[in-house]
Amino acid sequence: MHSCRRLWLLVETLVLVAVSSAPGFAQTIRVVSDVAVDANPKGRAVTETHIAVDPRNPDHVLAAAMIGPPPGGTTNEQYCATFLTTDGAAHWTRHDFQMTGCYDPWVVFLSDGSALLSTLGHDRALAGDGDGMLVYRSVDGGITWGARPAGLSWGWDHPMTVVDRSGAKRGDWVYLVSSKDPKKDGNYVVAVSRSLDGGQSFDSPRLIAPEGKVIRAETPVVLSNGTLVVPYVEILDHGVVAPRRRSFVVHSTNGIDFSKPTSVDDVCGPPPTVILSSLAVDASHGPFRDRLYFACVLPNRAGVAVTHSANGGATWSRAMSAAGDPRIAGVSRSLMATAVSSDGVFTVAWLEHRVDSPPSCLDLYVSASFDGGDRFTRPTRVSTRSSCPNAKLNGPTVPYGDYFGMAPDSRGRIRVAWADARTGLFQLRTALLAFDPPPR
């Protein structure tokens, strides 16, 4: 065995041992439903899902996803769509956007029930003027959408939108956070663009670009006092790929001026096979209000690690395993997502392959913490059947995409939406998670 290979194995072993695996809770997760969102996707693969719940109405749910090309088509024929329900997922309608080459859809609700979709792609309405990064707006919560999106030009990747709900003075400020390649040479930085008019227009982006570093943006959040927290991970450090991926956060009170970075951890899996991480904030009025949770996949996809901060990201706890013992062989975890319920329950979900499953089949699992991230429930399987994609049915679409979505509602539950191929073809599915008993 080569010496470099021995070094990688040693690093991975040290990471797995360092991540604590605490005993689970008496509290449990209850999967209320696991249903397909059947809104006639024309037999095309539906992947890279995101979801939002109206803060005023838990039955008003908006999802977004990429709709793959038809059989025999190319990725240039891929577009994005939103899926809307106003009766708690009993019935859904779909809206197809007139775009091509669509990637990275992301949806949010504003406080008045209007909605935004941010994505990458081409829209004919812009005729090349700012085409590339697109933000669509719906004043009626996803029923109809404006014909002309805001266009923010090219050079972006993985745009994510977050709303400042800290008070009337901010009036639903919107932040668009993305990785950006200013010189189009693969040297990504993090870009933050602010909207003061509910997503109708955006400021020129502010760049977070540590000298000599190539970094990628992760999920932004806003604290109750209006502070924007933007996480990122290092991909390269002065041209060198680190054996472990280092994570950081920066802060801003206005979306223009940013603090120096604060280190989160370095337990995540190494580049170049990076799986996106996730930052979540407790927006409840409970004892863990404003607590931050950062989750990522461990090296060799051995597990999901979570660390938390009780002081806005100044310091972070030791990483905990949310998926059981990460040293158990034969289990592989991939995409993951996080959310915090309106009762303060932190939840992390991930796609998992087990040694006794067919090679390409995955299931959705979830775990929760009722005490602020110190202990986690035993993993609960959400999907009622395994997802086993058929390459011929799905064509050139990217399997599962790079992420899936989770969102809390006002009743203490969390809704999750993911790309599921239990029929062979990727379809949008959603499940509602409840927690028994509620935290005290």
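To be clear, the structure that these remarks concern was listed above.
Values in this document were obtained by computation on a predicted structure and should not be read as measured data.

Caption draft 1: Seen up close, the overall build of the protein. Within the protein, the secondary structure is distributed over 2 helices and 29 strands. When the backbone C-alpha atoms are referred to their principal axes, the protein occupies close to 55 × 50 × 45 Å. A burial count over the protein gives 58% of its 440 residues as buried. Nonlocal contacts in the protein, meaning residues at least 24 apart in sequence, comprise 55% of its contacts between residues at least 6 apart. In the form shown here, the protein has an accessible surface area of approximately 17,800 Å², with 52% of it arising from carbon and sulfur atoms.

Caption draft 2: Spatial organisation of the sheet that holds strand β7 (residues 115–123). Within the open sheet, the 4 strands sit side by side as β6-β7-β8-β9. Their pairing is antiparallel. Each of the sheet's edge strands pairs with one partner strand only, and the pair in question is β6 (99–109) and β9 (150–151). Here β7 runs beside strand β8 (residues 132–138); their pairing, made up of 7 bridges, is antiparallel. Of the residues in β8, the one forming a bridge with Thr119 is Leu134.

Caption draft 3: Examining the environment of Ser383 more closely. In this fold, Ser383 is placed in the loop between β26 (380–381) and α2 (391–394). Its relative accessible area of 2% is what places Ser383 among the buried residues. When the C-alpha atoms of Ser383 and Leu351 are compared, they prove to be 9.8 Å apart, with 32 residues separating the residues in sequence. If we ignore the near neighbours within four places in the chain, the residues touching Ser383 are Asp34, Asp363, Leu364, Trp418, Asp420 and Arg422. A distance of 2.9 Å separates a polar atom in the side chain of Ser383 from a polar atom in the side chain of Asp363.

Caption draft 4: Seen up close, the pattern of salt bridges. Per the stated rule, a full pass over the model turns up 19 salt bridges. Of the charged contacts, one joins Lys213 and Glu234 as a salt bridge, the two residues approaching to 3.5 Å between their closest N and O atoms. Taken together, the residues span a long stretch of sequence, with Lys213 in strand β14 (residues 213–217) and Glu234 in strand β16 (residues 228–237) at a distance of 21 residues. A salt bridge links Arg413 to Asp409; the nearest nitrogen and oxygen atoms lie 2.9 Å apart.

Caption draft 5: Geometry of the nonpolar core. Core analysis: the largest hydrophobic core is formed by 45 residues, its most contacted members being Phe346, Val348, Leu364, Phe404, Met406 and Phe435. Contributing elements (two or more residues each) for this core: β20 (292–297), β21 (304–309), β23 (331–340), β24 (346–354), β25 (363–369), β28 (414–420) and β29 (427–436). Val348 has contacts with Ala295, Val304, Ala322, Met336, Ala337, Thr338, Tyr365, Val366 and Ser367, leaving out every residue within four places of it along the chain. The next biggest cluster of nonpolar side chains, apart from the first, holds 33 residues, and it includes Ala52, Val61, Ala115 and Leu134.

Caption draft 6: Structural detail: the environment of Ser278. With respect to the element layout, Ser278 can be found in strand β19 (residues 278–281). Ser278 sits in the buried class, given a relative accessible area of 6%. Taking C-alpha positions, Ser278 is 5.8 Å from Phe294, a pair spaced 16 residues apart along the chain. Among all residues touching Ser278, those that are not within four sequence positions of it are Thr219, Tyr293, Phe294, Ala295, Met336, Ala337 and Thr338. Among the polar contacts listed, one links the side chain of Ser278 to the side chain of Thr338, at a separation of 2.6 Å.

Caption draft 7: The side chain of Asp409, seen in detail. Tracing the chain through its elements places Asp409 in the loop between β27 (405–408) and β28. Asp409 gets classed as buried once you look at its relative accessible area, which sits at 5%. From its side chain, Asp409 meets the backbone nitrogen of Arg411 in a polar contact 2.9 Å long. Within the structure, the side chain of Asp409 is placed 3.4 Å from the backbone nitrogen of Gly412, a separation counted as a polar contact.

What counts as what
- In this numbering scheme, every chain counts its residues from 1 along its sequence in written order.
- Per-residue local features of the predicted model are confined to residues with pLDDT of at least 70, and side-chain atom pairs are confined, for both listing and counting, to 80 or more; whole-chain, interface and lining totals are unaffected and use all residues.
- Derived side-chain values reflect all non-hydrogen atoms in the structure, with water molecules and hydrogen atoms excluded from consideration.
- Numbering of helices and strands starts at the N terminus; helices are DSSP runs of H or I of at least 4 residues and strands are runs of E of at least 2.
- For each residue, the accessible area found with a 1.4 Å probe, counting protein chains only, is set against the maximum for its type, and the residue is called buried under 20%, exposed over 50%, and partly exposed in between.
- Contacts were defined at the residue level, with two residues in contact if any of their heavy atoms lie within 4.5 Å.
- Accessible areas in this description were obtained via Shrake-Rupley with a 1.4 Å probe; residue shielding takes into account the shown protein chains only.
- For two strands to count as paired, DSSP must find a minimum of two bridges between them.
- In protein, a polar contact requires one atom able to donate a hydrogen and another able to accept it; more generally it is a pair of N or O atoms within 3.5 Å, and residues adjacent in sequence count only if both atoms are side-chain atoms.
- The term salt bridge refers to a side-chain nitrogen of Lys or Arg lying within 4 Å of a carboxyl oxygen of Asp or Glu.
- We define a nonpolar core as any set of buried Ala, Val, Leu, Ile, Met, Phe, Trp, Tyr and Cys residues linked to one another through side-chain atoms lying within 4.5 Å.

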